[in-house]
Amino acid sequence: MDAQSRGRADEIDPADQWVLNPRTGNYELRLGHSAAQQQTVAAPRRSRRTTTAPSAPTAPSPAVPKPRRGEGPPGGRRGGRPRKGGGPPRRRKVLVAAGGTLALLLVGGGLGSYLYYEHLNGNLKVIDTGGVGAGFKKDQPINILVIGTDKRSGKGNEGYGDAESVGHADTTILFHVSKDRSNATALSIPRDLITDIPACPTKQSNGSVKDIPATKGTRFNNSLGQEGRDPGCTMRTVKQLTGLEVDNFMMVDFNAVKNLSTAVGGVPVCVEKDVNDRDSKLNLKAGEHRLQGEQALAFVRTRHAFGNESDLDRIKTQQQFLGSMMREMKSKETLTSPKKFVSLAEAATKSLTVDQGLGSIGKLTDLAGELKDINLKNVTFTTLPVLDNPNEPANRKSTVVLNAAPAEELLRMIRADVSLTEVEKKEAAAKEAADADAKARQDAVLQGNRAPAGDVRVDVYNGGGPPGSASTTLTWLQNGKGVLKASNHGNASARLDATQLEFAPNQADQARALADMMGLSGAALKMGSVDAGPRTPMKLTLGSDFKEPGKPLGAPQTPQQAPEGLQRVEADKAVCAK
């Protein structure tokens with residue numbers, strides 16, 4: 001039972017369960033009235049380390065951090081000087097990255113003040129995805145895949161989803177955080193999108209690995225659960241679909257929306273008209289409401305209350321709800337409430353399944369630290385552009401296909417780390433100046449000697465060109481250009497928009513020679529910092545801009561504006577569902 005539930009059962013506010021120990025003079029957390037719960041835990045000094053409480057027969061008491069000097073227990077300051085400004089501590093102001101599903105990131109920034117790491121670690125469920133996803137890194141863009149499954153797990157969820165389903169990828173959001181941590185894009189992927197699911201090795205409960213074959217032309221939501229697929233399969237599908245490396249995943253079930261919306265005291269929503277949906281059991285009058293628990297779940301599940309009653313309109317409603325939940329969690333009322341913090345921490349961790357790269361409170365807190373300074377006005381929800389499936393009858397449209405041109409334009413923006421929100425003029429000017437300086441340095445690389453073709457060593461990879469591009473390029477280089485020390489290495493590990501040549505400083509003459517042959521611009525040349533050995537080859541990766549050997553390749557123009565008509569929801573703005 002969590003702290004909030006215990007408090008309700010005994011009509012005790014969890015924030016008042018901090019009591020003064022007269023023997024030590026410290027405030028300590030007392031979890032209940034039973035003999036087993038009379039054990040109190042001396043609060044450790046503020047530290048990055050955590051302490052696990054001694055076990056008790058029925059209710060182990062986790063260690064909790066000690067209130068700061070001069071402060072009373074969380075929830076009320078007893079003595080000491082008041083905090084200047086009256087606002088919440090800076091380190092608690094952590095962005096809730098994708099609404100309810102990533103609520104733990106909000107809590108993560110304040111865990112050092114209130115919560116017990118080891119206890120929360122025990123709430124998390126961790127899945128080994130077999131090596132897919134390298135994990136987020138500092139000073140690099142971050143891509144977190146958030147998956148909402150329709151599996152009927154959890155108390156009270158027997159009436160939802162498909163009765164016999166092991167769970168689909170029912171709601172999927174790829175949350176992209178920019179390298180400079182100034183903005184984020186939450187990309188919803190429609191569950192009914194027809195796509196190809198790649199082959200997927202999955203780790204079984206007995207430790208063995210099952211290779212699940214690829215499936216062509218199926219619904220995206222089949223990337224999870226079906227045929228034994230795990231979230232790693234969904235990560236692989238998203239990477240193949242978008243060309244974006246997925247660093248980590250987080251997965252939740254129906255309980256996440258119910259518990260998190262309750263933990264914050266309800267999520268404000270607005271509806272333009274009366275709603276009475278018998279399927280989702282959503283019944284609301286036109287106007288503003290604060291929803292929690294079953295009502296909140298009904299709001300995000302309804303398909304018949306808004307728009308044209310499609311899954312695409314349900315996605316818009318979900319985005320509006322998540323934006324509102326983010327605003328609620330960022331509010332002063334939440335940031336300064338110990339009770340809400342305790343409830344959020346319990347609700348979030350109990351609802352969460354993650355990969356091994358996020359498999360502890362410490363790792364989740366590290367991620368929270370990367371996101372804490374993003375302003376909600378710079379967080380944009382959008383949906384991958386799609387069209388009705390042309391292969392279905394006009395009166396029986398149930399699936400969609402990728403709308404190739406605007407989808408690729410949007411994905412190129414995300415891959416190039418371009419924000420969908422407005423950028424300050426000063427920041428834009430600084431970026432333009434930096435880009436001009438970078439281009440000048442790139443062009444300078446092309447100035448200098450050229451090595452003879454026979455001295456050029458290069459490994460060729462296909463990272464986005466037409467099938468067989470590495471092979472045709474190798475033949476062209478060897479037979480047409482005399483580059484006999486070239487080798488074909490097949491497909492690259494990641495997709496690239498632009499062709500790229502990587503080389504060491506002492507290979508610059510070889511790089512210039514190959515750039516001349518291939519028609520590469522200075523932007524395509526990536527020089528390392530350490531000299532290579534005499535037999536070490538350069539690495540040429542053919543991007544999606546590659547069509548045929550010898551055809552000039554300029555630096556592709558990254559779109560600076562979103563495709564016309566792109567659906568979007570700004571996280572800082574309240575919108576009425578209609």
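Worth saying up front: this structure is predicted, and the values here are computed from it rather than measured.

Conventions we followed
Residues numbered from 1 in each chain as written. Predicted model: local features only at pLDDT ≥ 70, side-chain atom pairs only at ≥ 80, totals over all residues. Heavy atoms only, no water. Helix = DSSP H or I, 4+ residues; strand = E, 2+ residues; numbered from the N terminus. Buried < 20%, exposed > 50% of the residue type's maximum accessible area, 1.4 Å probe, protein only. Pairing = 2+ DSSP bridges. Axes fitted to C-alpha atoms, helices over the stretch in contact; angles between N-to-C directions. Contact = heavy atoms within 4.5 Å. Polar contact = N/O pair within 3.5 Å; in protein donor to acceptor, adjacent residues only side chain to side chain. Core = buried A, V, L, I, M, F, W, Y, C linked by side-chain atoms within 4.5 Å. Parallel < 35°, antiparallel > 145°, perpendicular 65-115°, else oblique. Left-handed = near helix turned anticlockwise from the far one by under 90°. Nonpolar A, V, L, I, M, F, W, Y, C, P; charged D, E, K, R; others polar. Expected span 1.5 Å × (residues − 1). Arc of directions from axis to C-beta. Disulfide = S-S within 2.5 Å. Phe/Tyr/Trp six-rings, centres within 6.5 Å; stacked < 30°, edge-to-face > 60°. Lys NZ or Arg CZ within 6 Å of the ring centre and 35° of its normal.

Draft legend 1. Spotlight on the overall build of the protein chain. Per the secondary structure count, the protein chain includes 15 helices and 25 strands. Relative to its 578 residues, the protein chain shows a buried fraction of 51%.

Draft legend 2. Just the sheet that holds strand β20 (residues 457-462), in detail. Judged by pairing direction, the sheet is mixed, and its five strands sit side by side in the order β21-β20-β24-β22-β23 without closing on themselves. Each of the sheet's edge strands pairs with one partner strand only, and the pair in question is β21 (485-491) and β23 (525-527). Between one strand axis and the next, the sheet turns through 20° on average, direction left out of account. Of the pairings in the sheet, the one linking β20 to β21 comprises five bridges and is parallel in character. Bridged to D459 within β21 is S487. Against the sheet, helix α14 (residues 469-480) makes contact with β20, β21 and β24 (538-542), and its axis sits at roughly 170° relative to β21, the strand it touches most.

Draft legend 3. Representation of the side chain of R415 within the structure. Inspection of the secondary structure assignment puts R415 in helix α12 (residues 404-415). Looking at R415, its side chain comes within polar contact range of the main-chain oxygen of T242, at 2.5 Å. Separated by 2.6 Å, the side chains of R415 and D497 make a polar contact. Not counting the four nearest positions on each side in its chain, R415 is found in contact with T242, G243, L244, E408 and D497.

Draft legend 4. Structural context of the sheet that holds strand β16 (residues 353-355). Pairing in this open sheet of eight strands is mixed, and the strands run β3-β16-β11-β4-β5-β6-β17-β25 from one edge to the other. Looking along the sheet, the strands with just one partner apiece sit at the ends: β3 (125-127) and β25 (568-570). Sheet twist, expressed as the mean angle between neighbouring strand axes with direction ignored, is 20°. Across eight bridges, the pairing between strand β4 (residues 142-149) and strand β5 (residues 169-177) is antiparallel. Following the sheet pairing, T149 is matched in β5 by A169. Most of the contacts of helix α11 (residues 361-371) go to β4, to which it runs at about 120°, and overall it touches β4, β5 and β11 (248-252). Across the sheet, α12 lies against β5, β6 (184-188) and β17 (379-383), angled at about 145° from β6, the strand it touches most.

Draft legend 5. Structural detail: the pairing of β6. The element β6 is extensively covered by neighbouring structure, given that five of its five residues are classed as buried. Pairing of β5 with β6, which is carried by five bridges, proceeds in the antiparallel orientation. When the sheet's bridge partners are listed, L174 is paired in β6 with L187. Counting the residues between successive antiparallel strands, the hairpin from β5 to β6 contains six residues, one of them, R181, with a positive phi of roughly 60°.

Draft legend 6. View of the nonpolar core. In terms of nonpolar packing, the biggest core is built from 55 residues, with M250, L260, F299, F306, F321, L367 and V379 touching the most fellow members. Residues contacting F306, with those up to four places away along its chain left out, are V271, V275, L282, F299, D313, T317, A577 and K578. Ranked by size, the runner-up nonpolar core spans 28 residues in total, among them V246, L384, V400 and L420.

Draft legend 7. Region of the structure containing the packing of helix α6 (residues 254-263) against helix α7 (residues 293-301). Between α6 and α7, whose axes approach to 8 Å, the crossing angle comes to 125°. Judged by the inter-axis angle, α6 sits oblique to α7. Both α6 and α7 take part in a crossing whose hand is right-handed. Here F254, V257, K258, S261 and T262 of α6 come into contact with α7, specifically with G293, E294, A296, L297, V300 and R301. For the contact of α6 with α7, a count of residues per class yields five nonpolar, three polar and three charged.

Draft legend 8. A look at α7. All of the buried residues in α7 are G293, A296, L297, A298, F299 and V300. Each element contacted by the buried residues of α7 is listed here: α6, β12 (267-271), β14 (282-284), β15 (287-291) and α8 (311-330).

Draft legend 9. Just α14, in detail. For α14, with twelve residues, the first-to-last C-alpha span of 15 Å sits near the 16 Å given by 1.5 Å per residue. Along α14, the positions that sit buried rather than exposed are S469, A470, T473, L474 and L477. Along the long axis of α14, the arc covered by the buried residues comes to 130°, so they all point the same way. Pointing more than 90 degrees away from the buried face of α14 are the exposed residues N479 and G480. The inward-facing, buried residues of α14 contact β20, β21, α15 (508-518) and β24.

Draft legend 10. Main features of the state of the cysteines. One pass over the full model with this rule turns up two disulfides. Between the sulfur atoms of C200 and its disulfide mate C233 the distance is 2.0 Å. Between C200 and C233 the disulfide shows an S-S torsion of about -85°. By sign, it is left-handed. You can see C200 sitting in strand β8 (residues 200-203) and its partner C233 sitting in helix α5 (residues 231-242), a full 33 residues away along the chain. Given a relative accessible area of 1%, C200 falls into the buried group. For C270, the disulfide goes to C576, at an S-S distance of 1.6 Å. Here C270 and C576 share a disulfide; its torsion about the S-S bond, 50°, makes the bridge right-handed. One end of the pair, C270, is in strand β12; the other, C576, is in the segment after β25, and 306 residues separate them in sequence. Listing the disulfide partners of the protein chain by sequence rank of the bonded cysteines yields 1-2, 3-4.

Draft legend 11. Just the packing of α6 against α8, in detail. Taken N-terminus to C-terminus, the directions of α6 and α8 make an angle of 35°; their axes are 11 Å apart at the nearest point. When you trace α6 past α8, the crossing you get is left-handed. Where α6 approaches α8, its residues V257, L260 and S261 are matched on the opposing element by F321, M325 and M329. Residues that form the contact of α6 with α8 fall into these classes: five nonpolar, one polar and no charged.

Draft legend 12. Examining the packing of aromatic side chains more closely. Inspection of the entire model under this criterion finds two aromatic pairs. For the pair F299 and F321, a centre-to-centre distance of 6.0 Å together with 40° between the ring planes defines the contact as tilted. Of this pair, F299 sits in helix α7 while F321 is found in helix α8, placing the two residues 22 residues apart along the sequence. Here the two residues F299 and F321 agree in accessibility, since each one is buried. The structure contains a cluster of three or more aromatic residues connected by ring pairs, namely F299, F306 and F321. Note that K539 overlies the ring of Y461, its terminal NZ or CZ placed 4.9 Å from the centroid.

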